[in-house]
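Coordinate analysis (summary)
Now for the letters of each chain:
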Amino acid sequence: MSRAVMYEKFAGPEVLEVREVPEPHAGAGEVRVRVAAAGLNPMDWLIASMPEVAERFGVTLPSGFGHDYAGVVDEVGAGATGFAVGDRVFGGAMNRGVADFVVVKASTQGHEALSRTPEGVSDEVAGTLAVAGSTAAAALAAIGLKSGDTVLIGGAAGGVGVFAVQLAKLAGARVIGTASESTFEFLRQLGAEPVAYGDGLAERVRALAPGGVSAATDLFGTETAEAALSLGVKPERISTIAAAGNAPGGVRETGGFDAEPGSLGRIARAIAAGDVTVPIAATFPIERVRDAVELQAARHVHGKVVVTL
Ligand SMILES: NC(=O)c1ccc[n+]([C@@H]2O[C@H](COP(=O)([O-])OP(=O)(O)OC[C@H]3O[C@@H](n4cnc5c(N)ncnc54)[C@H](OP(=O)(O)O)[C@@H]3O)[C@@H](O)[C@H]2O)c1
């Protein structure tokens, strides 16, 4: 037997249970990963609490929980190539990431692609990368971010924001990031100039960057996208990952599925090289998965929340 977080109805964290389930095994063309760490994302608890979101992701009840994971390959199915027992890997597995074992195709392509964990990168860090890393890369690619840009990033201290800020800095941009005031020092340490979100955002950004902002990405909703439009940023240089179909005129809606192949490998190598750090806000053992979700769902996490197994 092995452990997996499961739920049988759509509601808050109270429906999440750690269950003993039969050990899954790698079938033909698959590998099994012994999971050591599983990073959480808002989509995990949005799917678990909202049937309409679950439907969008093809999730039915009863369901496993979570997406991102990292660990070690411990079984290789017949005909599977490219991975061997003992390989350290990370990736995403739709609604089954928070479990002792994840079984996925032995493939480096597609939505459940496996990536190799570079030496020097812990499982806790690798287990945070799949959704947030690819989404940050896609959000910046959608606006053609380049050296010399001044970019406004909304929700810059969250799970996606910590990657977006550092990737934008690495690309040679000046980064202004929105947060609440108590988060300002955290953002400065990541290399961003903080600005408070809320009413008057555009004026505050204008005061910080009188020469103008050239690009923006909204990682929280539409406020940053609207502020950027009002500051004269061209709509095609503004993206949002969290507008749910309501992006203001011409602004690009994007997400992790749009990331260019190889984005996660590049981020993992940047972490191994010390060019990107992953702030882990908190780790919880699997037995405390409900506490982990409650912390995440309060929407004031700085960096990532991780469940360990
Ligand atoms: N489309 C996709 O593929 C995709 C992928 C990943 C995520 N998403 C969506 O993108 C959003 C961000 O994900 P995430 O993992 O970064 O979330 P997260 O970690 O929960 O974000 C937390 C951050 O949001 C900030 N925040 C809270 N209220 C805010 C406000 N009113 N305006 C601006 N920032 C605010 C907080 O800053 P303070 O603590 O300073 O308040 C905190 O640092 C979520 O809605 C998620 O569902 C979409």
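Look a little higher up for the structure.
Mapped onto the fold, Ser-2 is located in strand β1 (residues 2-7). Using a relative accessible area of 4% as the deciding quantity, one classes Ser-2 as buried. Discounting residues that sit within four places of it in the chain, Ser-2 has contacts with Arg-19, Glu-20, Val-21, Pro-22, Glu-23, Pro-24, Asp-100 and Phe-101.

Neighbouring the ligand are 25 residues; Gly-159, Ser-180, Thr-183, Tyr-197 and His-300 lie closest to it. His-302 places a side-chain nitrogen or oxygen 3.1 Å from an oxygen atom of the ligand. In isolation the ligand has 930 Å² of accessible area, and contact with the protein removes 85% of it. The set of elements that each furnish at least two residues to the shell around the ligand consists of α1 (42-49), α4 (129-141), α5 (159-170) and β10 (174-179). In terms of residue class, the shell around the ligand is made up of 12 nonpolar, 12 polar and 1 charged.

This part covers the pattern of salt bridges. Going through the model one piece at a time under the given rule, you end up with 17 salt bridges. Its salt-bridge partner being Arg-237, residue Asp-149 comes within 2.7 Å of it at the nearest N-O pair. Of this pair, Asp-149 sits in the loop between α4 and β9 (150-154) while Arg-237 sits in the loop between α8 (223-230) and β13 (238-240), and the two are 88 residues apart along the sequence. When sorted by exposure, Asp-149 lands in the same class as Arg-237, which is buried. Each of the salt bridges in this network shares a partner with another, and the network as a whole consists of Arg-3, Arg-34, Asp-100 and Glu-287.

Here we take up the sheet that holds strand β4 (residues 63-64). Read across the open sheet, the 3 strands follow the order β2-β1-β4; overall the sheet is antiparallel. At either end of the open sheet lies a strand with only one pairing partner, and these are β2 (17-21) and β4. As judged from the 5 bridges shared by β1 and β2, these two strands associate in the antiparallel manner. Across the sheet, residue Ser-2 finds its bridge partner in β2, namely Val-21.

Turning our eyes to something else, we now look at α1. Turning to α1, its buried residues are Met-43, Asp-44, Trp-45, Ile-47 and Ala-48. Tucked into the core, α1 has its buried residues touching β1, β3 (30-39), α2 (51-56), α4 and α10 (289-297).

For strand β6 (residues 88-92), a buried count of 4 out of 5 residues is recorded, marking the element as mostly surrounded by other parts of the structure. In the sheet, strand β5 (residues 68-76) pairs with β6 via 5 bridges, with the strands oriented antiparallel. Residue pairing for β6: Val-72 is matched across the bridge by Arg-88. As defined by bridge partners, β6 adjoins strand β8 (residues 114-116) across 3 bridges and the pair is classed as antiparallel. When the bridges of β8 are listed, Gly-91 appears paired with Leu-114.

Going from Leu-61 to Pro-62, the amide bond is cis rather than trans, its omega being -10°. Here Pro-62 is to be found in the loop between α2 and β4. The phi angle at Asn-95 is positive, at roughly 55°, despite the residue not being glycine. In this structure, Asn-95 sits in the loop between β6 and β7 (101-105). Assessed through its relative accessible area of 6%, Asn-95 is described here as buried. At Arg-299, a residue that is not glycine, the phi angle is positive and equals roughly 65°. The topology assignment puts Arg-299 in the loop between α10 and β16 (304-308). Under the relative-accessibility criterion, Arg-299 is labelled partly exposed at 38%.

What counts as what
- Residues numbered from 1 in each chain as written.
- Predicted model: local features only at pLDDT ≥ 70, side-chain atom pairs only at ≥ 80, totals over all residues.
- Heavy atoms only, no water.
- Helix = DSSP H or I, 4+ residues; strand = E, 2+ residues; numbered from the N terminus.
- Buried < 20%, exposed > 50% of the residue type's maximum accessible area, 1.4 Å probe, protein only.
- Contact = heavy atoms within 4.5 Å.
- Near = heavy atom within 4 Å.
- Polar contact = N/O pair within 3.5 Å; in protein donor to acceptor, adjacent residues only side chain to side chain.
- Areas by Shrake-Rupley, 256 points an atom, 1.4 Å probe, with all protein chains shown as cover.
- Nonpolar A, V, L, I, M, F, W, Y, C, P; charged D, E, K, R; others polar.
- Salt bridge = Lys/Arg side-chain N within 4 Å of Asp/Glu carboxyl O.
- Pairing = 2+ DSSP bridges.

Fair warning: the whole summary comes from geometry, so function is off the table for now.
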